[in-house]
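Summary of structural features
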Amino acid sequence: VATLNPMTIEVLQIFQGSTTIVRYVSRPLFTLIILNNMGCRGKKLCDTITWNNLHMKLGDVVNICRCLDIPYGKGIYVLPFDDFIKGLSGNIFNVYPRPYFLE
């Protein structure tokens, strides 16, 4: 998920909830969903987690293109995260990843 100032969204001619393709230097393509954020000043694109996934630093320039047709994925690959789930109980799948895949 990327958050942009509404004025920036208007300039880029994309819409709230649009799926976009983001490319940074020679990294793979990433798809992000654009959301409005009135408190976002300037052209801030995304949070630190997305920055880390793209291997970006503050002030780097990225290319954003609107994607009109993205097919649904057939599956995901979840890396081990044992250090994150220590002390948690219950069905972790229903709590964390499942809401992101409901339509």
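Remarks on the confidence of the model for the chain
If pLDDT is low for a region, its predicted coordinates should not be looked at in detail. For the chain, mean pLDDT is 76; residues scoring 70 or higher make up 84% of the total. In the model of the chain, helix α3 (residues 82-85) stands out as the element of lowest mean pLDDT, 68, in contrast to strand β2 (residues 19-23), which has the highest, 84.

Examining a nonpolar patch on the surface
A grouping of I76, V78, Y100 and F101 is seen on the molecular surface, where their side chains present a nonpolar patch of about 490 Å² in accessible area. Here F101 lies in the segment after α4 (92-95). The exposure class of F101 is exposed, given its relative accessible area of 52%.

Parameters and conventions
Residues numbered from 1 in each chain as written. Predicted model: local features only at pLDDT ≥ 70, side-chain atom pairs only at ≥ 80, totals over all residues. Heavy atoms only, no water. pLDDT = per-residue confidence, 0-100. Helix = DSSP H or I, 4+ residues; strand = E, 2+ residues; numbered from the N terminus. Patch = residues over 30% accessible without salt bridge, like charges linked within 9 Å, V, L, I, M, F, W, Y side chains within 5 Å. Areas by Shrake-Rupley, 256 points an atom, 1.4 Å probe, with all protein chains shown as cover. Salt bridge = Lys/Arg side-chain N within 4 Å of Asp/Glu carboxyl O. Buried < 20%, exposed > 50% of the residue type's maximum accessible area, 1.4 Å probe, protein only.

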